[in-house]
Amino acid sequence: MKVLKFGGTSVGSADRMKAVADLINDGSPKIVVLSAMSGTTNQLVQIAETLYQNANQEANALIDALHDKYKQVVEALYLTDEKKKQALELISHHFDHIRSFTLDLFTIYEERAVLAQGELLSTALFQFFLEEQGIASVLLPALNFMKIDENEEPDTAYISKNLKLELEKYPDTNLFITQGYICRNAFGEVDNLKRGGSDYSASLIGAAADASEIQIWTDIDGMHNNDPRIVKDTFPIAELSFDEAAELAYFGAKILHPSSVQPAKQKNIPVRLLNTMQPQAQGTTISAQTGKGGIKAVAAKDGITAIKIKSGRMLLAYGFLRSVFEVFERYKTPIDMITTSEVAVSLTIDNPKFLSEITRELQEYGQVEVDQNQSIICVVGDFIAERSGSGLKIFEALKDIPLRMISYGGSKNNISLLINTTDKERSLIQLNEGIFERNNKNA
């Protein structure tokens, strides 16, 4: 059994859905996880925002516009009048459901139900198309087996047990379609795995099904060595370890959701990143193995806030760092980077929601300095395999870039550098020239 996830652009039109149907129709056993059609989730978020504001007339206009878009998809996707009629009835049912929220109080529970409609629509329309094409398949409702617990973490035991129960109902079926992103929470309500959650769904489903492989299909031919939106002539990396991929995903590589690596790593299931637009491309394989040692890739994470706590009196005191960390724990704010000196500790966060409260509490321990509009440049590779030279290459490439913080040694796979966001593009370009062009010349 393989698990294949297709993102929003991969099912973003009737033509793309037809292409996905061709890709999966090879007779081998697989579970296909679909995102909402591209743009749908953003539009549903916009609808929810207007409903929160009681702007029901505006909400209805947005709902009608999205409904019209889906009517056009139905017209282009199906050949028979029977399937067109069936699909139009289905989407009308879903949009009537969304419109019903304009008639009553709108809360976060209703918002989650609205956001779930994108995946419910894409999978139902795709299943209808497979039926019309005579491709044997079963639509498995993700809400029957995907669940998060009270801490909003996946309930892996529940998912494994209930997915297997669903699959056992269809012993002669090789092809299953299900939704990414959506789930139920500990109270049985419709919920979701947050943005990027379809990748996470695929990895959790792959682990629960003991899949031989998890494939993440997008519109990019694998994880690139640098940001292709900024740097010219980037290239896909053929092989990454689970740890290398997790670092890149967390620190800015958009092709893969950071949480999606861990379930596959725990079950040692290879993850392949593939391109629906170029299905023959090699892509990137993520596994317990790593390719050639040394620097593999560079990624950047924006929206970073640096906080320095300076206290000559307290820093070396027993319990000082624990007290600092407890402030962030109380406000459920993760720390990305941390460096210490004799008189100060500097750290970074990517969620400034409680910045003023955190700053106020930290002032009890010393002088606090806050720098916003920062970016973390993450250089990833196997720095144990290549023990010398990596740092020199990096710092030589960035010799004219002011470095706010440096983190090296916390992981054998990551060197992190904090810079002003205004220097990000220049840093990525200079690293590309200083590291990868040099490597290519040496090769």
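As the structure is a computational prediction, the values presented were derived from the model and not from experiment. (Residues numbered from 1 in each chain as written. Predicted model: local features only at pLDDT ≥ 70, side-chain atom pairs only at ≥ 80, totals over all residues. Heavy atoms only, no water.)

## Points about the pattern of salt bridges
Any two side chains of opposite charge can pair, on the condition that their charged atoms come close. Note the following rule: Note on definitions: salt bridges are taken to be side-chain nitrogens of Lys or Arg within 4 Å of carboxyl oxygens of Asp or Glu. For the purposes of this entry, the term helix denotes a DSSP run of H or I that reaches at least four residues, the term strand denotes a run of E that reaches at least two, and both are numbered from the N terminus. Think of it in three bands: residues with accessible area under 20% of the maximum for their type are buried, residues over 50% are exposed, and the middle band is partly exposed, with areas taken using a 1.4 Å probe on protein chains only.
Taken as a whole and assessed by the stated rule, the structure comprises 25 salt bridges. Ionic pairing is found between Asp96 and Arg99, a salt bridge with its closest N-O pair at 3.2 Å. With Asp96 and Arg99 both in helix H4 (residues 81-99), this residue pair falls 3 residues apart, about one helical turn. Asp96 gets classed as partly exposed once you look at its relative accessible area, which sits at 47%. Between Arg322 and Glu326 there is a salt bridge, with its nearest N and O atoms 4.0 Å apart. A residue pair is termed a helical-turn pair when its members lie 3 or 4 positions apart in one helix, as Arg322 and Glu326 do in helix H11 (residues 320-330) at 4 residues. Counted as one network, the salt bridges with shared partners bring together Lys2, Glu213 and Arg272.

## A few points about the packing of aromatic side chains
Defined as follows: The rule is short: rings of Phe, Tyr and Trp, with Trp giving its six-membered ring, pair when the centres are within 6.5 Å, and they are stacked under 30 degrees, edge-to-face over 60, tilted in between.
Applying the stated rule across the entire model yields 9 aromatic pairs. Measuring from ring centre to ring centre gives 6.1 Å for Phe235 and Phe436, while their planes differ by 90°; the resulting arrangement is edge-to-face. Residue Phe235 is found in the loop between strand E7 (213-218) and strand E8 (239-241), and its partner Phe436 is found in helix H14 (residues 424-442); the two are separated by 201 residues along the sequence. Under the relative-accessibility criterion, Phe436 is labelled buried at 4%. Ring geometry for Tyr250 against Phe251: centres 4.9 Å apart, planes inclined by 90°, an arrangement best described as edge-to-face.

## Describing the domain arrangement of the chain
By a widespread convention, an interface's size corresponds to the accessible area lost as its parts come together. Just so we agree on the cut-off: An automatic or database domain assignment is the source of the domain bounds shown.
What the domain assignment reports for the chain is domain 1 (2-219) and domain 2 (296-435). The C-alpha centroid of domain 2 is placed 38 Å from the C-alpha centroid of domain 1.

## Some words on the pairing of strand E16 (residues 414-420)
Formally: Two strands are counted as paired when DSSP detects at least two bridges linking them.
Taking burial as the measure, the 7 residues of E16 include 6 buried ones, the bulk of the element. Direction of pairing for strand E14 (residues 367-382) relative to E16: antiparallel, over a ladder of 7 bridges. Across the sheet, the residue bridging to Cys378 is Ser416, located in E16. Note that strand E15 (residues 405-408) and E16 share 4 bridges and pair antiparallel.

## Here we look at the sheet that holds strand E10 (residues 284-287)
Defined as follows: Note on method: axes are straight lines fitted to C-alpha atoms, helices fitted across the in-contact stretch only, with angles between N-to-C directions ranging 0 to 180 degrees. Should any heavy atoms of two residues lie within 4.5 Å, those residues are considered in contact.
With mixed pairing, 8 strands are arranged side by side in an open sheet as E3-E4-E2-E1-E7-E9-E10-E8. Among the strands making up the open sheet, the edge pair consists of strand E3 (138-140) and E8. Strand-to-strand twist in this sheet, taken as the mean axis angle between neighbours without regard to direction, amounts to 20°. Both E8 and E10 contribute to a ladder of 3 bridges, which runs parallel. From the neighbouring strand, Ser241 faces E10, where its bridge partner is Ser287. Contacts from helix H9 (residues 242-250) reach E8, strand E9 (271-275) and E10, with the element oriented near 90° to E8.

## Some words on the packing of helix H5 (residues 108-115) against helix H6 (residues 117-132)
Counted only if it meets this: Put simply, angles under 35 degrees are roughly parallel, angles over 145 are roughly antiparallel, angles from 65 to 115 are roughly perpendicular, and the rest are oblique. The residue classification treats Ala, Val, Leu, Ile, Met, Phe, Trp, Tyr, Cys and Pro as nonpolar and Asp, Glu, Lys and Arg as charged. All others, Gly included, are polar.
One can describe the packing of H5 onto H6 by two numbers: an axis separation of 4 Å at closest approach and a directional angle of 25°. For the element pair H5 / H6, the angle class is roughly parallel. Where H5 approaches H6, its residues Ala113, Val114 and Leu115 are matched on the opposing element by Gln117, Gly118 and Glu119. Partitioning the contact of H5 with H6 into residue classes produces 3 nonpolar, 2 polar and 1 charged.

## Description of H4
Here is the rule: To estimate how far a helix should reach, multiply one less than its number of residues by 1.5 Å.
In this model, H4 (19 residues) spans 26 Å end to end at C-alpha, consistent with the 27 Å of a helix rising 1.5 Å per residue. Those residues of H4 that sit buried are Lys83, Lys84, Ala87, Leu90, Ile91, His94, Phe95, Ile98 and Arg99. Lining the buried residues of H4 we find helix H2 (40-52), helix H3 (56-77) and H6.

## Overview of the sheet that holds E16
Read across the open sheet, the 6 strands follow the order E12-E13-E11-E14-E16-E15; overall the sheet is antiparallel. Where the open sheet ends on each side, the last strands, each with one partner, are strand E12 (338-340) and E15. Strand-to-strand, the axes of this sheet are offset by a mean angle of 25°, without reference to chain direction. Pairing of E12 with strand E13 (residues 344-349) involves 3 bridges; the strand directions are antiparallel. By the bridge assignment for E13, Ile338 is matched with Leu347. Along the sheet face, helix H12 (residues 355-362) touches strand E11 (294-310), E13 and E14 and points at about 110° away from the line of E14. Sheet strands in contact with helix H13 (residues 390-397) are E11, E14, E15 and E16, and its direction is about 15° off that of E16.

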